[in-house]
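# Remarks on the overall topology
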Amino acid sequence: MVHIIKGQGERGLSNRGRFGKYGEIKRLERLALSARGKAQHSALLSAEPARKRRSPTPGINFKLRAGSPGDRVFVRSLSQKVFSVYGPYDEILDQWFVEEACMSFVALKKGARIGFILIGNPSVSASDMDVEILALAVEPVLHGFGVGSALLSRAEKVLKTMGIRSLLLHTAVDNLQAVGFFKSQGFITFESRAAFYPRGQDALSMKKNLN
Ligand SMILES: CC(C)(COP(=O)(O)OP(=O)(O)OC[C@H]1O[C@@H](n2cnc3c(N)ncnc32)[C@H](O)[C@@H]1OP(=O)(O)O)[C@@H](O)C(=O)NCCC(=O)NCCS
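Residues numbered from 1 in each chain as written. Predicted model: local features only at pLDDT ≥ 70, side-chain atom pairs only at ≥ 80, totals over all residues. Heavy atoms only, no water.

### Comments concerning the nonpolar core
The nonpolar side chains of soluble globular proteins are, as a tendency, buried together. Counting 30 residues, the largest nonpolar core has Ile117, Ile119, Ile133, Leu151, Leu159, Leu167 and Phe187 as the members making the most contacts within it. For this core, the secondary-structure elements that each account for two or more residues are β2 (101-109), β3 (112-120), β5 (129-138), α4 (147-161), β6 (166-172), α5 (176-184) and β8 (203-209). Element by element, the count of residues in this core is highest for α4, at six residues. Contact partners of Leu151, with chain neighbours within four places excluded, come to Leu64, Phe105, Val106, Ala107, Gly115, Phe116, Ile117, Leu136 and Ala137. In this structure, Met1, Leu93, Ala137 and Ala203 belong to the second largest nonpolar core, which totals 22 residues. (Core = buried A, V, L, I, M, F, W, Y, C linked by side-chain atoms within 4.5 Å. Buried < 20%, exposed > 50% of the residue type's maximum accessible area, 1.4 Å probe, protein only. Helix = DSSP H or I, 4+ residues; strand = E, 2+ residues; numbered from the N terminus. Contact = heavy atoms within 4.5 Å.)

### Details of the pattern of salt bridges
With the rule as written, the count across this model stands at eight salt bridges. Residue Asp94 pairs with Arg76 through a salt bridge whose shortest N-O separation is 3.3 Å. One end of the pair, Asp94, is in helix α3 (residues 89-100); the other, Arg76, is in helix α2 (residues 72-83), with 18 residues separating them in the sequence. We note that Asp94, like Arg76, is buried. Linking Lys207 and Asp130 is a salt bridge whose minimum nitrogen-to-oxygen distance equals 3.7 Å. Taken together, the positions of Lys207 in strand β8 and Asp130 in strand β5 put the pair 77 residues apart, joining distant regions of the chain. Residue Asp130 is classed as buried on the basis of its relative accessible area of 11%. Salt bridges sharing common partners tie together Arg72, Arg76, Glu91 and Asp94. (Salt bridge = Lys/Arg side-chain N within 4 Å of Asp/Glu carboxyl O.)

### Concerning the packing of aromatic side chains
How two aromatic rings sit relative to each other is given by the distance of their centres and the angle of their planes. In this structure the tally under the stated criterion is seven aromatic pairs. Arranged with centres 6.4 Å apart and planes meeting at 65 degrees, the rings of Phe83 and Tyr89 form a pair that is edge-to-face. On the basis of relative accessible area, Phe83 is assigned to the buried category, the value being 6%. When the centroid spacing of 6.4 Å and the interplanar angle of 75 degrees are considered together, the rings of Tyr89 and Tyr197 count as edge-to-face. Taken together, the positions of Tyr89 in helix α3 and Tyr197 in the loop between β7 (188-193) and β8 put the pair 108 residues apart, joining distant regions of the chain. For Tyr89, a relative accessible area of 0% corresponds to the buried category. Taking the relative accessible area as the measure of exposure, Tyr197 reaches 3% and is therefore buried. The side chain of Lys207 reaches across the aromatic face of Phe190, ending 5.9 Å from its centre. (Phe/Tyr/Trp six-rings, centres within 6.5 Å; stacked < 30°, edge-to-face > 60°. Lys NZ or Arg CZ within 6 Å of the ring centre and 35° of its normal.)

### Quick notes on the confidence of the model for the protein
On average, residues of the protein score 80 in pLDDT, and 71% of them are at 70 or above. Contacts for the low-pLDDT stretch residues 5-22, under 50 throughout, to residues beyond four places or in other chains number 28 contacts. Long-range and interchain partners of residues 39-51, a stretch whose pLDDT sits below 50, account for four contacts in this model, where long-range means more than four residues apart. (pLDDT = per-residue confidence, 0-100.)

### Here's the deal with the environment of Phe190
Turning to its location among the elements, Phe190 is positioned in strand β7. Sequence-distant contacts of Phe190, defined by excluding residues within four places in its chain, comprise Leu168, Ser205, Met206 and Lys207.

### A look at the environment of Gly87
With respect to the secondary-structure elements, Gly87 resides in the loop between α2 and α3. On the accessibility criterion, Gly87 (0% relative accessible area) is buried. Between the C-alpha atoms of Gly87 and Gln201, which are 114 residues apart in sequence, the distance is 9.6 Å.

Quick look at the structure:
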């Protein structure tokens, strides 16, 4: 997630999704409970220790598709939930989603949106063509089921076909979950940046070659 505020972006959007904010939260909690119940059941049957992750077969079924303007309220609402500790990212990501991103993908579970990835426009340097992951987020109740890695790998696949050679991102030093996740996906840290975010947190810059 990056830090530059490129406009005010005050849009007066409704915070109510298809099922209303409260209904959507309850629906996602039910999906997570059902997925975790199934994971526990299969662990009992196999008499093996329960594992949170069941890679390569995730504990839930979900689909991915390209992002569209209809995803805007969801992107804003999930960003508010997971990124507001770093700054007004509901506003910032809403604007990037509409104006700055070159592509996005959304994950869906039984028709409900559960995660997204937002990719910035390519920038060309002397030796490489980079793109930046502007944001990647999954509904907190569905972390650890392979949704984040599926979104990332879909984006990587498409970017490779576009000739993109490397991926860049920033994540907060204290966001251990995200740092662990990105390391597990092949990213390496190449610098740290003090007070990178609007609320003052330091960031790590991470990079991955797409070969
Ligand atoms: C980071 C994030 C997108 C990961 O999504 P996710 O769906 O939970 O991740 P996955 O289930 O695909 O995890 C894949 C791998 O990442 C690693 N991983 C995931 N969570 C981890 C953690 N807390 N610590 C260390 N590694 C972790 C694991 O190695 C896992 O592999 P495994 O399947 O073999 O166990 C999610 O935690 C999130 O939305 N966080 C809030 C938003 C955020 O901070 N985004 C990043 C900055 S843009």
